[in-house]
Amino acid sequence: MAAHPTTFSPLNGVHDERDEQAGRQILRLMSIFVAVGYLAYAVMTAPMLVESLDVMDTWWTVSAVALIFGTGVALGPVSWGASVRRIRTAAATAAAGFVVALALWRFGWNGQQIDAVSGIWFSQFPGLAAIAAALAFRAVFAFAYLGIVSAITILVSHQIRSPEFNGRLLPDIAWSIAFSLIFVSAAVMAIRTAAVLDATRAQAYTATAAAAAANARSAERSRFDALTHDNVMSTLLLAARQGASTELAQNARTALAAVDQAAAGDVRPSVGAFEAIGQIRAAVGLIDPAQHVTVVDGQPEVSYPSGAVSAIATATAEALRNSLRHAGPDAVVEVTITATATSLRADIADNGIGFDPSQVSATRLGIAVSIRGRMAKVCGGTADIDASPGSGTLVTVEWSA
């Protein structure tokens, strides 16, 4: 009886040092299957092995048991937790052991014959040796190996047993090969399926990595769009309108500091409540040093994500800048910071001329990028703009746990 061999080589290619998950698992399972099969056949063929002692020298029997059963059974424990290279080496050793035993049988035969239909004991499981070959090499080699060892074992059995127990040689060889070929084909398909799964997963990982890289590039472009609009463009526009002034110098310093901060990135995961309020105050002060900021519920023991604090500070500054520019000369702006145990919020309200948010052009980056877009990139961040013509504007930017 033969067992089903397998092949491990992704799409029948040369395997590299990377251990594909599905392929490696199949390889390990099939190795254990081979080892158990050798154990089972050792028990089943024990009476035949004892009977063969009458026609085979003891040295050959001992050697054949070690070469065939020893290497085959060892494949199980060797494969447990081993690398693909180690499993393949052990499988190649088991396949080679069967071939060596076949090559030496003629030297151990004393010329006598067995009066039994079953023939020599190792003729019962050439498929197991083919499994070992398939685990170590390509599918084509495994099929060729199966055909060769099956033919040799049938030839040996025909020669070593009495002629009256022999059938026709070619049909016996064909039957032995065909029977094992069923299992070989099934096992090869299982290995190919595992290889396809590995390849599909690798492609999915590649696509995911590419998508993540694209998202990172998009986020970086958005960050620099906001930086450009919030600081650089506003400084240039102020220079064009007013020329040299204290406000221009202040804006220029703010722009340079923002560029430096963008280059350095955030270095701390969180900041305390007082420092968070201080960052928002500082951002407001850079836009309008005279602007009063009202603080509600400041709690010194609370901390907030540094990214959220930075986003709220810059979004607040942008909202204040928009109010000073567009609300009208007589408008009054109020900035309120609310810091609680689970949220940090800034409200920027004015009683100016207001506007219709739905009519703001998509090319205007102030609201789309510097306020809404910036807060949308923060986990737990929101931005709300409540405005209408003649009724003033209220901008609320908030982070909540």
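Residues numbered from 1 in each chain as written. Predicted model: local features only at pLDDT ≥ 70, side-chain atom pairs only at ≥ 80, totals over all residues. Heavy atoms only, no water.

Colleague: An account of the overall build of the protein is needed here, citing residue identities and associated values.
Modeller: Helix and strand content of the protein: eleven helices and seven strands. Going through the 401 residues of the protein one by one, you find that 42% of them count as buried. Counting only contacts in the protein whose residues sit at least 6 apart along the sequence, the fraction spanning at least 24 positions is 78%. Element-wise, carbon and sulfur atoms account for 63% of the exposed surface of the protein, whose accessible area totals about 19700 Å². (Helix = DSSP H or I, 4+ residues; strand = E, 2+ residues; numbered from the N terminus. Buried < 20%, exposed > 50% of the residue type's maximum accessible area, 1.4 Å probe, protein only. Contact = heavy atoms within 4.5 Å. Areas by Shrake-Rupley, 256 points an atom, 1.4 Å probe, with all protein chains shown as cover.)

Colleague: Run through the nonpolar core, naming residues and quoting values.
Modeller: Formed by 49 residues in total, the largest nonpolar core has its most connected members in F98, W121, F122 and F125. Contributions of two or more residues to this core are made by helix 1 (21-44), helix 2 (46-52), helix 3 (58-79), helix 4 (84-108), helix 5 (126-136), helix 6 (139-160) and helix 7 (169-242). A total of ten residues in this core trace back to one element, the largest contributor, which is helix 4. (Core = buried A, V, L, I, M, F, W, Y, C linked by side-chain atoms within 4.5 Å.)

Colleague: I'd like to hear about the sheet that holds strand 5 (residues 343-350), residue by residue, with values.
Modeller: The strand order across the open sheet formed by five strands is 2-4-5-7-6, and the pairing between neighbours is mixed. On the outer flanks of this sheet lie strand 2 (293-296) and strand 6 (381-387), each paired with one strand and no other. In this sheet, adjacent strand axes meet at a mean angle of 15 degrees when their direction is disregarded. Direction of pairing for strand 5 relative to strand 7 (residues 393-400): antiparallel, over a ladder of eight bridges. Bridge pairing in strand 7 places A346 opposite V397. (Pairing = 2+ DSSP bridges. Axes fitted to C-alpha atoms, helices over the stretch in contact; angles between N-to-C directions.)

Colleague: Can you break down the pattern of salt bridges residue by residue, with the values?
Modeller: Counted under the stated rule, the structure contains two salt bridges. The partner of R321 in a salt bridge is E318, with the nearest N and O atoms 2.6 Å apart. Of the two residues, R321 and E318 both sit in helix 10 (residues 306-326), three residues apart, roughly one turn of that helix. Pair check on accessibility: R321 and E318 agree, each one buried. Residue D347 pairs with R345 through a salt bridge whose shortest N-O separation is 3.0 Å. On the basis of relative accessible area, D347 is assigned to the buried category, the value being 14%. Relative accessible area serves as the criterion here: at 25%, R345 is assigned to the partly exposed category. (Salt bridge = Lys/Arg side-chain N within 4 Å of Asp/Glu carboxyl O.)

Colleague: I'd like a rundown of the side chain of S79, residues and numbers included.
Modeller: Its location among the elements puts S79 in helix 3. Its relative accessible area of 0% is what places S79 among the buried residues. Ignoring sequence-local partners within four residues, the contact set of S79 consists of R28, S31, I32 and I87.

Colleague: Just give me the short version of the environment of V99, but keep the residues and values in it.
Modeller: Among the structural elements, V99 can be located in helix 4. Here the alpha-carbon distance between V99 and I152, two residues 53 residues apart in the chain, equals 9.7 Å. With sequence-adjacent residues up to four places away left out, V99 is seen in contact with Y145 and V149.

Colleague: Tell me about the packing of helix 3 against helix 4, and please be specific about residues and values.
Modeller: It is the contact of helix 3 with helix 4, at a shortest axis distance of 9 Å, that shows an interaxial angle of 170 degrees. Comparing their axes, helix 4 and helix 3 come out roughly antiparallel. Within the contact of helix 3 with helix 4, the residues separate by chemical class into 17 nonpolar, six polar and one charged. (Parallel < 35°, antiparallel > 145°, perpendicular 65-115°, else oblique. Nonpolar A, V, L, I, M, F, W, Y, C, P; charged D, E, K, R; others polar.)

Colleague: Tell me about the packing of helix 5 against helix 6, residues and numbers included.
Modeller: The description of two packed helices rests on the angle between their axes and on the distance between the axes. Remark: helix 5 packs on helix 6, axes separated minimally by 9 Å, with the N-to-C direction vectors making an angle of 155 degrees. When the interaxial angle is binned, helix 5 and helix 6 end up roughly antiparallel. Relative to helix 6, helix 5 is oriented so that their crossing is right-handed. Counting all contacts with helix 5, which are made through P126, G127, A129, A130, A133 and A134, the residues of helix 6 involved are F141, A142, Y145, L146, V149, S150 and T153. Split by residue class, the contact of helix 5 with helix 6 holds ten nonpolar, three polar and no charged. (Left-handed = near helix turned anticlockwise from the far one by under 90°.)

Colleague: Give me the confidence of the model for the protein: which residues, what numbers.
Modeller: The predicted model of the protein has a mean per-residue pLDDT of 80, with 77% of residues at 70 or higher. Note on residues 1-20: pLDDT is under 50 here. Beyond four places in sequence and across chains, it has 78 contacts. (pLDDT = per-residue confidence, 0-100.)

Colleague: An account of the packing of aromatic side chains is needed here, citing residue identities and associated values.
Modeller: According to the stated counting rule, one finds 16 aromatic pairs in the structure shown. Note on Y38 and F125: the rings are 6.0 Å apart at their centroids and 80 degrees apart in plane angle, and the pair reads as edge-to-face. With Y38 in helix 1 and F125 in the loop between helix 4 and helix 5, the pair connects residues that are 87 residues apart, well separated along the chain. Judged by relative accessible area, Y38 falls into the buried class, the value being 0%. Relative to W121, the ring of W60 lies with its centre 6.1 Å away and its plane at 55 degrees, an arrangement referred to as tilted. Note that W60 is positioned in helix 3 and W121 in the loop between helix 4 and helix 5, a separation of 61 residues in sequence. What links up through ring pairs into an aromatic cluster is the set Y38, Y41, W60, F69, F98, W121, F122 and F125. (Phe/Tyr/Trp six-rings, centres within 6.5 Å; stacked < 30°, edge-to-face > 60°.)

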